[in-house]
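What follows is each chain in one-letter form.
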Amino acid sequence: MASCGGSGSSGPPPTYAPGTVIVNAVPSLRFESQSYGPVPAGKLSFAYVNIDSVRHTLIIAKDGSKVANFRLVIGKKGSSDEGSVELDPGTYELICDVPGHGEMKASLTVE
Ligand SMILES: [Cu+2]
């Protein structure tokens, strides 16, 4: 008899550390949510997952200025990228800066 938990043909979904902010890019040039957080200030880990089939980026901006040293890029469907950055309390914007993806915006609240 086959038992549960055998190895399947597809690997397990990636798991992320607790507290990781997970952002999904979904079809029709959107993030899956328009607002993320609130999350605690400090060093934040982000995971960016592509549910869509075209390339997307993830950058963070505050008051129109990009947060330095943070940029995630995902290519084909199912790909993901991870990174971390130190953020102070405030309201940030999550943006995909691929040309034509200007509608890909969401807010991130950091407390
Ligand atoms: Cu995009």
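Residues numbered from 1 in each chain as written. Predicted model: local features only at pLDDT ≥ 70, side-chain atom pairs only at ≥ 80, totals over all residues. Heavy atoms only, no water.

## A short note on the coordination of the copper ion
Step number 1: Coordination of the copper ion by the protein involves His56 (ND1), Cys96 (SG), His101 (ND1) and Met104 (SD), with metal-donor separations of 2.0 to 2.4 Å.
Step number 2: Classification of the site at the copper ion as tetrahedral follows from its 4 donor atoms and the range of 93 to 130° in their angles at the metal.
Step number 3: Each donor residue of the copper ion lies on the same chain, and together they follow the pattern H-x39-C-x4-H-x2-M.
Step number 4: The exposure class assigned to methionine 104 is buried, which follows from its relative accessible area of 0%. (Donors = N, O, S within 2.8 Å, 3.2 Å for Na, K, Ca; no water. Tetrahedral: all angles 85-135°; square planar, octahedral: opposite > 155°, others 65-115°. Buried < 20%, exposed > 50% of the residue type's maximum accessible area, 1.4 Å probe, protein only.)

## A short note on the pattern of salt bridges
Step number 1: Inspection of the entire model under this criterion finds 3 salt bridges.
Step number 2: Across the pair aspartate 63 and lysine 62 runs a salt bridge, and its minimum N-O distance is 3.9 Å.
Step number 3: Classification of aspartate 63 by relative accessible area gives exposed; the value is 73%.
Step number 4: Here arginine 71 ties to aspartate 97 by a salt bridge, and the two come within 2.9 Å at their closest N and O atoms. Of this pair, arginine 71 sits in the loop between strand 6 (65-66) and strand 7 (72-74) while aspartate 97 sits in the loop between strand 9 (90-95) and strand 10 (105-110), and the two are 26 residues apart along the sequence.
Step number 5: Here the salt bridges do not stand alone but share partners, grouping Lys66, Arg71 and Asp97 into one network. (Salt bridge = Lys/Arg side-chain N within 4 Å of Asp/Glu carboxyl O. Helix = DSSP H or I, 4+ residues; strand = E, 2+ residues; numbered from the N terminus.)

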